[in-house]
Amino acid sequence: MSNSRPVTAFGPDFPFAYDDWLRHPDGLGQIPSAHHGTEVAIIGAGAAGIIAGYELMKMGLRPIIYESAKFGGRLRSETFEGTEDVVAELGGMRFPVSSTSFYHYVDLVGMDSQPFPNPLTEAAGSTVIDLEGDTRFARTLDDLPQLYHEVAAAYRDALQEHVDFAALQQAVRDRDAARLKQIWDPLVEKWDERTFYDFVVSSKAFQKLSFRHREVFGQVGFGTGGWDSDFPNSMLEILRVNLLELDDHQRFIVGGVENVLHRLWRQPAVSAHWPEGTTLASLNGGATLGRAARIAREGEGFTVTDQWGVQRSYPAVLVTCQSHLLTTSVAVDEAVFDQKLWMALDRTRYMQAAKTFVMVDRPFWNDVDPETGRPVLSMTLTDRLTRGTYFFDNGPDKPGVICLSYSWMTDALKVLPLNPEKRVELALEALDKVYPGADIRSHIRGNPICVSWESDENFLGAFKGALPGHYRYNHRMYGHFMQADMPAEQRGIFMAGDGISWTPAWVEGAVQTALNAVWGVMTHLGGTSHDANPGPGDLWPELGPVKLPD
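Residues numbered from 1 in each chain as written. Predicted model: local features only at pLDDT ≥ 70, side-chain atom pairs only at ≥ 80, totals over all residues. Heavy atoms only, no water.

Chemist: Would you explain the overall build of the protein in this entry?
Modeler: Summing up its helical and strand segments, the protein has 19 helices and 22 strands in all. The globule rule puts the C-alpha radius of gyration for 550 residues at 24 Å, and the 23 Å found for the protein is close to it. Counting only C-alpha atoms and orienting by the principal axes, one finds that the protein spans roughly 75 × 55 × 40 Å. When the 550 residues of the protein are sorted by exposure, 58% land in the buried category. Considering only contacts within the protein whose residues lie at least 6 apart along the sequence, 72% involve residues at least 24 apart. As displayed, the protein offers around 21600 Å² of accessible surface, 49% of which is attributable to carbon and sulfur atoms. (Helix = DSSP H or I, 4+ residues; strand = E, 2+ residues; numbered from the N terminus. Rg over C-alpha atoms; globule rule 2.2 N^0.38 Å. Buried < 20%, exposed > 50% of the residue type's maximum accessible area, 1.4 Å probe, protein only. Contact = heavy atoms within 4.5 Å. Areas by Shrake-Rupley, 256 points an atom, 1.4 Å probe, with all protein chains shown as cover.)

This is how it looks when you write it as structure tokens:
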């Protein structure tokens with residue numbers, strides 16, 4: 001088979017071709033006409049909720065969307081005051097081209113994308129790596145000292161040594177589900193209970209190198225930056241990222257990724273029931289309902305109570321919020337989920353993340369320092385408080401944006417109690433040490449925009465980060481849309497979102513689990529996939545994830 005075929009987010013746990021399912025001319029399926037116009041509840045107006053709602057609308061259902069805070073979920077594009085399209089991407093901001101199901105909707109609504117300015121990429125222009133006070137300027141990896149080349153080579157060798165990475169990725173390229181499962185499934189048991197750090201230090205390649213090499217890998221890494229925040233995670237989590245090239249060939253959505261969902265909300269679609277021109281917005285009266293406060297079993301269906309005490313009944317409910325909210329924010333009848341599933345939902349571990357953005361008058365970082373002949377500022381990776389600093393050029397005559405700091409876990413917690421002004425000051429002080437004499441302050445315009453996802457009561461964290469031993473939990477959550485063998489009282493409530501997926505922190509996981517839920521709701525209401533276009537539930541017995549013994 002040719003190695004030139006692109007890598008897509010095909011599996012590896014469940015190698016179902018969601019993009020092919022979406023593109024098929026027969027559509028995703030159909031429901032009995034008796035259910036046309038039936039209302040179903042969707043909790044959350046993020047990527048999973050809006051995409052599932054859009055597809056269910058096409059089948060002739062009426063999705064009713066509840067949203068506790070801001071439309072868009074963690075696809076949150078905040079516009080700087082006084083501008084129309086200068087944005088800070090507070091949640092998802094870089095989207096790998098392997099996310100083909102997500103890009104299906106990006107293309108559908110006519111949004112454009114451009115290469116994301118990741119370190120050592122052409123889009124970044126230049127990169128500065130500052131570790132332990134040693135500052136290195138580079139445009140490509142070739143410009144860095146030999147140590148960095150040794151680190152990159154060691155990780156490539158570790159992947160090949162431990163998991164036969166080349167063969168595994170070729171199976172993804174070829175969309176050879178049988179071959180992929182043959183290689184992947186044994187790796188699940190081997191690596192579920194071992195950390196990313198264990199994977200690195202137990203490899204022959206890294207054992208030949210110094211602690212300094214491992215330290216550099218943690219601080220700088222390759223792709224989007226340092227990996228040390230992920231060192232405690234299950235290695236399976238990292239393998240999926242590497243295998244599906246989620247950390248490579250990334251793009252950003254021009255004008256703000258949140259607009260993909262706003263446009264889809266207003267996007268007419270051919271429906272099995274609704275008249276021409278119908279949109280999710282029109283089916284919801286132009287706005288979502290407020291926060292869902294309670295989900296209760298009512299006969300064969302459910303009652304959802306909103307924040308104002310208004311009750312509405314539905315035959316099916318789709319929940320897309322972070323799983324911890326089901327025990328802290330939404331009162332959910334305990335009987336609707338199996339106790340083993342409750343264990344999985346409660347044990348899900350969310351990672352912290354913080355970002356600090358400022359708007360500047362122009363992309364001044366492109367100015368050339370007359371003494372060095374280099375740009376006055378570059379994309380920056382450092383062990384200082386900022387960790388990652390990114391620059392967004394909207395054109396020479398438009399304000400630019402600097403993400404002064406993007407950090408995770410402990411580094412994110414360092415700024416958690418601080419107000420935006422203090423966060424900016426700390427970031428500027430750190431960058432002053434990397435770029436002595438560089439003037440950032442005089443270029444700043446308006447107010448900074450910051451986020452700490454763990455302090456938001458509607459999220460309680462940025463994204464899932466599975467710990468060793470969490471594969472079984474993930475399997476229970478991901479496979480919950482397969483409900484034929486469940487007790488009747490547990491059927492009809494579905495889950496979606498990147499936290500339910502095998503690829504947390506990536507919107508493709510939200511899209512794929514949303515499509516699983518669409519199949520689940522369709523089937524729950526007596527519908528079926530088209531014979532020529534079987535859905536994920538139809539192929540689950542053949543392609544489903546390997547089950548580890550309890």
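Now that the structure is up, let's keep going.
Chemist: I tried to follow the packing of aromatic side chains on my own but got confused; where do I start?
Modeler: The description of two aromatic rings rests on the distance between their centres and on the angle between their planes. Tallied over the entire structure, the rule returns 33 aromatic pairs. Summarising the aromatic geometry, the rings of Phe116 and Phe392 are spaced 5.6 Å apart at their centres and angled 65° between planes, so their arrangement reads as edge-to-face. Taken together, the residues span a long stretch of sequence, with Phe116 in the loop between strand S6 (113-115) and strand S7 (127-131) and Phe392 in strand S18 (residues 388-392) at a distance of 276 residues. The residue whose ring lies beneath Lys355 is Tyr406, and the NZ or CZ to ring-centre distance is 4.6 Å. (Phe/Tyr/Trp six-rings, centres within 6.5 Å; stacked < 30°, edge-to-face > 60°. Lys NZ or Arg CZ within 6 Å of the ring centre and 35° of its normal.)

Chemist: What exactly am I supposed to notice about the sheet that holds S7 here?
Modeler: What holds strands together in a sheet is hydrogen bonding between their backbones, with the strands either parallel or antiparallel. A sheet is described by the order of its strands in space; here seven strands give the open sequence S8-S7-S17-S18-S19-S16-S20, paired in mixed fashion. In the strand order of this sheet, the two ends are held by strand S8 (134-138) and strand S20 (444-452), each with one partner. Taking each pair of neighbouring strands and ignoring which way they run, the sheet shows an average axis angle of 15°. Looking at chain direction, strand S16 (residues 353-360) and strand S19 (residues 400-408) are connected through eight bridges and run antiparallel. (Pairing = 2+ DSSP bridges. Axes fitted to C-alpha atoms, helices over the stretch in contact; angles between N-to-C directions.)

Chemist: Is there a simple way to think about the side chain of Arg76 in this case?
Modeler: Along the chain, Arg76 turns up in the loop between strand S2 (62-66) and strand S3 (77-79). Residue Arg76 is classed as buried on the basis of its relative accessible area of 10%.

Chemist: What's the story with the sheet that holds S6 in this structure? I'm lost.
Modeler: Judged by pairing direction, the sheet is antiparallel, and its three strands sit side by side in the order S5-S9-S6 without closing on themselves. The two strands at the open ends of the sheet, each matched to only one other strand, are strand S5 (95-96) and S6. Examined bridge by bridge, S5 and strand S9 (residues 250-253) share two bridges and lie antiparallel to one another. If you follow Pro96 over to S9, its bridge partner there is Gln250.

Chemist: For this particular structure, what's the right way to read the nonpolar core?
Modeler: A general feature of soluble globular proteins is that nonpolar side chains tend to end up buried together. Residues Phe102, Tyr155, Phe196, Phe217, Ile253 and Phe357 are the most contacted members of the largest nonpolar core, which totals 134 residues. Discounting chain neighbours no more than four positions away, the residues touching Ile253 are Glu89, Phe95, Phe102, Tyr103, Val106, Met111, Asp112, Ser113 and Val260. The next biggest cluster of nonpolar side chains, apart from the first, holds 24 residues, and it includes Phe337, Ala344, Met477 and Ile493. (Core = buried A, V, L, I, M, F, W, Y, C linked by side-chain atoms within 4.5 Å.)

Chemist: Any chance you could explain the environment of Asn242 here in plain terms?
Modeler: As for its placement among the helices and strands, Asn242 is situated in helix H10 (residues 235-243). With a relative accessible area of 11%, Asn242 lands in the buried category. Separated by 73 residues in sequence, Asn242 and Gln169 have C-alpha atoms that sit 9.2 Å apart. Discounting chain neighbours no more than four positions away, the residues touching Asn242 are Tyr155, Leu159, Phe165, Gln169 and Trp227.

Chemist: Sorry, what's going on with unusual backbone geometry here?
Modeler: Leaving glycine out, the prevailing phi sign among residues is negative, and the prevailing peptide bond configuration is trans. The step from Gly11 to Pro12 runs through a cis peptide bond, and the omega angle for that step is 5°. Within the secondary structure, Pro12 sits in the segment before helix H1 (18-23). If you check the backbone angles, Asp164 has positive phi at about 50° while not being a glycine. Although it is not a glycine, Arg387 adopts a positive phi angle of roughly 60°. If you trace the backbone, Arg387 turns up in the loop between strand S17 (379-382) and S18.

Chemist: Can you help me understand the side chain of Thr348 in this one?
Modeler: One can find Thr348 in the loop between helix H14 (339-347) and strand S15 (350-351). Taking the relative accessible area as the measure of exposure, Thr348 reaches 5% and is therefore buried. Engagement of the side chain of Thr348 in a polar contact is seen with the backbone oxygen of Ala344, the distance being 2.9 Å. Each residue touching Thr348, except ones within four places of it in the same chain, is listed here: Ser323, His324, Lys464 and Met477. (Polar contact = N/O pair within 3.5 Å; in protein donor to acceptor, adjacent residues only side chain to side chain.)

Chemist: When you look at helix H9 (residues 211-219) in this model, what are you seeing that I'm missing?
Modeler: In an α-helix there are 3.6 residues to a turn, and that puts residues three or four apart on one side. Burial in H9 covers these residues: His213, Arg214, Val216, Phe217, Gly218 and Gln219. One or two positions beyond H9, positive phi appears at Gly221, with a value near 55°.

Chemist: Could you clarify how one ought to interpret the pairing of strand S11 (residues 301-306) in this entry?
Modeler: Walk down a regular strand and you will see the side chains alternate between the two sheet faces. Of all six residues making up S11, six are buried, and the element is well covered by its neighbours. Where burial is concerned, the two faces of S11 agree: the one with Gly301, Thr303 and Thr305 and the one with Phe302, Val304 and Asp306 are both buried. One ladder, built from six bridges, connects strand S10 (residues 292-298) with S11; its direction is antiparallel. Across the sheet, Arg297 pairs through a bridge with Phe302, a residue of S11. As defined by bridge partners, S11 adjoins strand S12 (residues 311-314) across four bridges and the pair is classed as antiparallel. When the sheet's bridge partners are listed, Thr303 is paired in S12 with Ser313.

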